[in-house]
Structure formats: C-alpha cells, structure tokens
Amino acid sequence: MDITRQVFNKRDGGRREFRTSAHNDLQSVADAIGNWRLRGGIGRIWIVVESLYRMDGDFAPLKDLVAVAECYEAFLAEAYATGVYGEQGRGLSAPYEGRGDLVVVHTCGKVLGAAGALVTASGVLRNFMVNRCRPFIFAKAPSPLMAVAVEKHSRSCRRSLSGSNA
C-alpha cells in the first residue's frame, strides 16, 4: 500500500487518485470504480491485488477480477504467487499471460531465494514504466549475482513443479 500511495501522490502535479475496496469483494471493487466514474473520474484504472495474500493465506479471485478489468478497461496488477502456484511456478496469473492489461510482480525474495522482483507486462506498459515511473527509474539494476541466482532458482522451480529433470 505504501508504494501505491507514493505512486498515486497528487503533490507532484499528477491527476491520479487512490481508492480502496473491501478485501476480495468484487462488488466493492466495481462500486469503487463506478462511484469514481460517477464523480467525474477520468483516466485509466488500475486494480492492484495480491493473488496470494501471504499474511492471510487466501487468494484473490483473479478470474473474476480479470472480468472486472475488462468491463472497466482497467489494468490488473498482481503479485506474490511466483514459485508457489501456477504453471511451472509462474504464479496464479499464468493463465492470463500475454494480456495487454496485466502487470505481474514476481517477487524473488521468497521461493527464488534472491533479492528484488521482476515485473512482467506488455511492451507498451514496459516502455511506459522504464520511461515514466519514478521508483523504477531510480532503482538500481540487480547485481549480476542476484540475476544469476534468480535465473537458476527459476529453472529449478520450473523443473520441480513440472516434474521434469531437464
């Protein structure tokens, strides 16, 4: 939540606004978006969730959230299931890979045994983040050691979850 508040801070002259909804309540998400639009809200909507809530151990209803995102032409951003769930450990959003409205944060500090995170998104979103997102611009690239560790642990995770020895 802290980084979300920083990104959506209006003090820098931006027009961004921040709304919350009840935990895993699709109607609350739809109501927050609908009410914001009724009050004159314009621009692209971002629905930000954790597909696996690590403190509670429950899951976001991703399939339904994808439908809400489609309905409101919103981006869906999710995180935290890398290495634990999904095809070859790619997270719970793996079935939705390739969508232009999906951003996935693959954390490296837990299952992958490294530091940092990877962000996957469409080419348009990737270019936008590289060129316009302050936290991304001022963050340093991973050390070569961390990059190798993530790559090796990712391969190991894919092999163990697919049952392959390759």
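Observations regarding the overall build of the protein
The number of helices and strands found in the protein is six helices and six strands. Counting helices and strands in the order they occur from the N terminus, the protein gives α-α-β-β-β-α-β-β-β-α-α-α. Looking at the 166 residues of the protein, the share that counts as buried comes to 31%. Accessible area of the protein: about 10700 Å², with a carbon and sulfur share of 55%.

Side note on the packing of aromatic side chains
Evaluation of the coordinates by the stated rule reveals two aromatic pairs. On the basis of an interplanar angle of 35° and a centroid distance of 4.6 Å, the ring pair of W46 and F75 is categorised as tilted. Pair noted here: W46 is in strand 1 (residues 46-50) and F75 is in strand 4 (residues 75-79), with a separation of 29 residues, a long-range link. Using a relative accessible area of 10% as the deciding quantity, one classes F75 as buried. Measuring from centroid to centroid gives 5.2 Å for F59 and Y85, while their planes differ by 85°, and the two rings are edge-to-face. Linking F59 in strand 3 (residues 58-59) with Y85 in the loop between strand 4 and strand 5 (102-107), this pair joins segments that are 26 residues apart in sequence. Among the residues examined, F59 registers a relative accessible area of 37% and is labelled partly exposed.

Some remarks on the nonpolar core
Counting residues in each nonpolar core, the largest one holds 18 residues, and the members touching the most others are I47, V49, L65 and L76. Broken down by secondary-structure element, the contributors of at least two residues to this core are helix 2 (26-38), strand 1, helix 3 (62-71) and strand 5. Per-element tally for this core: the top contributor is helix 3, with five residues. What L65 contacts, discounting residues up to four positions off in sequence, is L26, V29, I47, V49, A60 and L76. Counting five residues, the second-largest nonpolar core is a separate cluster that includes C108, L112, A149 and V150.

Here we look at the pattern of salt bridges
For the structure on display, the rule yields five salt bridges. Where E70 meets R99, a salt bridge forms, and the shortest distance between an N and an O atom there is 2.9 Å. Here E70 is found in helix 3, whereas its partner R99 is found in the loop between strand 4 and strand 5, with 29 residues between them in sequence. By relative accessible area, which is 48% here, E70 ends up partly exposed. As a salt-bridge pair, R90 and E97 come within 2.7 Å of each other at their nearest N and O atoms. Of the residues examined, R90 reaches a relative accessible area of 23% and is grouped as partly exposed. One continuous salt-bridge network, built from bridges that share partners, spans E70, R99 and D101.

What counts, and at which threshold
Residues numbered from 1 in each chain as written. Predicted model: local features only at pLDDT ≥ 70, side-chain atom pairs only at ≥ 80, totals over all residues. Heavy atoms only, no water. Helix = DSSP H or I, 4+ residues; strand = E, 2+ residues; numbered from the N terminus. Buried < 20%, exposed > 50% of the residue type's maximum accessible area, 1.4 Å probe, protein only. Areas by Shrake-Rupley, 256 points an atom, 1.4 Å probe, with all protein chains shown as cover. Phe/Tyr/Trp six-rings, centres within 6.5 Å; stacked < 30°, edge-to-face > 60°. Core = buried A, V, L, I, M, F, W, Y, C linked by side-chain atoms within 4.5 Å. Contact = heavy atoms within 4.5 Å. Salt bridge = Lys/Arg side-chain N within 4 Å of Asp/Glu carboxyl O.

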